[in-house]
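# Fold and contact review
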Amino acid sequence: MIVPPTPENISLAATLLCQGKLVAFPTETVYGLGADATNEKAVQKIFDAKNRPTINPLIVHVASIDAVDGVADLSADPVAAERLKKVLHLWPGPFSAVLPRKSSIVSLVSAGLPSVAVRIPNHPIALSLLKEVKRPIAAPSANPSSYVSPTTARHVEAGLGAAVDLILDGGACPIGIESTVVSLLGRHPLLLRPGFITFEELQSILPDIQLAGAAPVEQDAPLSPGLLREHYAPRTPIALRTALSESRYPARVGLIAFRAGDDFTGNFDYSVIRILSQSGQLTEVAANLFAAIRELDQMQLDLIVVDSCPAIGLGRAIMDRLVRATAKFSPG
Ligand code: TXA
Ligand code: MG
């Protein structure tokens, strides 16, 4: 059930979470599907509702830096603790840090790993809820496993329906793309998932940070088991515009363009064109991307064609999601 985020409904959501129920809530990135991270049965419900493989660990959300201590065992890894101090100013924000896990966080949350991903989201509704519930909340994106992440309450309902006990409606998520995930463990900090906090910004804070793919094989930080090659994919075949050869055009094709003013007629007759940003601003592209993919996925198209951008800054996160979304229908 979708409800407005009134104080009463936020209290109800907190009560439901304490009872081991599932509550979906908005964050500045995407909607999360929350459960009490200290309650194993509640956490199991997340995996069941999403049909998520239990090898894919969840992010634990808390309201304040003080509360991080209840999730991560910083005394277990002084190096990680030092690195954490340097990135604390990114919270609340679209940033998740992988740290040593405290035993009060059920091991299922972390897919059995000794680590845990922690985030303080920067969204008033999420923060009110987390403050009121006073427990760490495990929350992956509130979509069926491997589908596109939800950026509105309706997206959550369409994907998970009755499996969620309550959906707090906070409107559209302003950032629209999932948080940056960084492991602070091991020899080097490691960018596990690019997001709104860019690799370039992180390099200025943690100069020895490496990209997950570029890290030496013997590095001892756990990699992100959730980073599957095929992910974020709609049901309709979707391909990067740059990967298309003009010889094989299906009948009904939709285009997701990053900017207005490009010549869309050169290739073929698009049945529908969605422009994510008039000026091609990547913050707007990110904010509107998932909703556009979902919208075109409802249109019985034969193919969705999507623009690309250089994989630097926020473009790295956008292209990460698009390369995964298009992997199924791309050669190689
Ligand atoms: O923006 C976000 O991060 C959203 C909102 C709801 O906070 N959440 C989200 O969660 O995107 P999810 O479950 O869809 O993605 C979590 C990512 C996965 O790639 C997972 O592999 C990684 O974080 N992760 C979680 N715990 C980890 C750990 N202990 N070690 C390495 N990677 C971890
Ligand atoms: Mg997800």
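## Re the sheet that holds strand E12 (residues 238-240)
With parallel pairing, four strands are arranged side by side in an open sheet as E12-E15-E13-E14. Unpaired on one side and paired on the other, E12 and strand E14 (272-275) mark the two borders of the sheet. For this sheet the average axis-to-axis angle between neighbouring strands, irrespective of direction, equals 20°. Here strand E13 (residues 253-257) pairs with E14 via four bridges, running parallel.

## Describing the sheet that holds strand E6 (residues 115-119)
Within the open sheet, the 11 strands sit side by side as E1-E8-E2-E3-E7-E4-E6-E5-E9-E10-E11. Their pairing is mixed. Looking at which strands have only one partner, the edges of the open sheet turn out to be strand E1 (2-3) and strand E11 (210-211). Pairing of strand E2 (residues 23-25) with strand E3 (residues 32-36) involves three bridges; the strand directions are antiparallel. Bridging from a neighbouring strand, valine 23 pairs with glycine 34 of E3.

## Regarding helix H2 (residues 40-50)
If you check which residues of H2 are buried, you get Ala42, Val43, Ile46, Phe47, Ala49 and Lys50. Residues of H2 that are buried sit in contact with E3, strand E7 (137-138) and helix H6 (153-160). A distance of 3.0 Å separates the backbone nitrogen of lysine 41 from a side-chain oxygen at the start of H2, and that oxygen is part of asparagine 39. Asparagine 51 lies just past H2 and shows a positive phi near 55°.

## Regarding the environment of leucine 130
Within the element layout of this structure, leucine 130 appears in helix H5 (residues 124-133). By relative accessible area, leucine 130 is classed as buried at 4%. It is 24 Å that separates the C-alpha atoms of leucine 130 and threonine 54, two residues lying 76 residues apart in sequence.

## Looking at the packing of aromatic side chains
Here the structure, examined in full by the defined rule, presents one aromatic pair. A ring pair is formed by tryptophan 91 and phenylalanine 95, whose centres lie 6.0 Å apart and whose planes are at 55°; its orientation type is tilted. Here the two residues tryptophan 91 and phenylalanine 95 agree in accessibility, since each one is buried.

## So, the side chain of serine 183
The residue serine 183 is located in strand E9 (residues 180-183) in this model. Given the relative accessible area of 0%, serine 183 is considered buried. A distance of 3.2 Å separates a polar atom in the side chain of serine 183 from the backbone nitrogen of leucine 185.

## Thoughts on the pairing of E13
Each regular strand carries side chains that alternate between the two faces of the sheet. The element E13 is largely enclosed, with a buried count of five among its five residues. Across the two faces of E13 the burial is the same, with Val253, Leu255 and Ala257 and Gly254 and Ile256 all buried.

## What about the nonpolar core?
In this structure, Val68, Phe95, Leu99, Val109 and Leu184 are the most contacted members of the largest nonpolar core, which totals 57 residues. At five residues, H2 tops the list of elements feeding residues into this core. Leave out the neighbours within four places in its chain, and valine 68 touches Val62, Leu84, Trp91, Leu99, Val118 and Ile120. Residues Leu276, Ala292, Cys309 and Ala325 belong to the second largest nonpolar core, which totals 29 residues.

## Brief notes about the packing of helix H8 (residues 282-297) against helix H9 (residues 314-326)
Relative orientation of the contacting elements H8 and H9 amounts to 15°, with a least axis distance of 9 Å. Relative to H9, the element H8 lies roughly parallel. Taken as a pair, H8 and H9 cross one another with a handedness that is left-handed. Only Leu314, Gly315, Ile318, Arg321 and Leu322 of H9 make contact with H8, whose side of the interface consists of Leu282, Thr283, Val285, Ala286, Leu289, Phe290 and Ile293. Looking at the contact of H8 with H9, its residues break down into nine nonpolar, two polar and one charged.

## Details of unusual backbone geometry
A negative phi angle characterises most non-glycine residues, just as the trans form characterises most peptide bonds. In this model, tryptophan 91 is joined to proline 92 through a cis peptide bond whose omega is -5°. You can see proline 92 is positioned in the loop between helix H4 (78-87) and strand E5 (95-100). Even without glycine at this site, alanine 111 takes up a positive phi of about 55°. If you trace the backbone, alanine 111 turns up in the loop between E5 and E6. For glutamine 300, which is not glycine, the phi torsion reads 50° and is therefore positive. The topology assignment puts glutamine 300 in the loop between H8 and strand E15 (303-306).

## A few points about the packing of helix H1 (residues 7-18) against H5
Interhelical geometry of H1 versus H5 gives an angle of 50° and a closest axis separation of 9 Å. Relative to H5, the element H1 lies oblique. Remark: the crossing between H1 and H5 carries right-handed chirality. For the pair H1 and H5, the contacting residues are Ile10, Ser11, Ala13, Ala14, Leu17 and Cys18 in the first and Ile125, Ser128, Leu129, Glu132 and Val133 in the second. Classifying every residue of the contact of H1 with H5 gives eight nonpolar, two polar and one charged.

About the thresholds
- Residues numbered from 1 in each chain as written.
- Chains lettered and ligands numbered in written order.
- Predicted model: local features only at pLDDT ≥ 70, side-chain atom pairs only at ≥ 80, totals over all residues.
- Heavy atoms only, no water.
- Pairing = 2+ DSSP bridges.
- Helix = DSSP H or I, 4+ residues; strand = E, 2+ residues; numbered from the N terminus.
- Axes fitted to C-alpha atoms, helices over the stretch in contact; angles between N-to-C directions.
- Buried < 20%, exposed > 50% of the residue type's maximum accessible area, 1.4 Å probe, protein only.
- Contact = heavy atoms within 4.5 Å.
- Polar contact = N/O pair within 3.5 Å; in protein donor to acceptor, adjacent residues only side chain to side chain.
- Phe/Tyr/Trp six-rings, centres within 6.5 Å; stacked < 30°, edge-to-face > 60°.
- Core = buried A, V, L, I, M, F, W, Y, C linked by side-chain atoms within 4.5 Å.
- Parallel < 35°, antiparallel > 145°, perpendicular 65-115°, else oblique.
- Left-handed = near helix turned anticlockwise from the far one by under 90°.
- Nonpolar A, V, L, I, M, F, W, Y, C, P; charged D, E, K, R; others polar.

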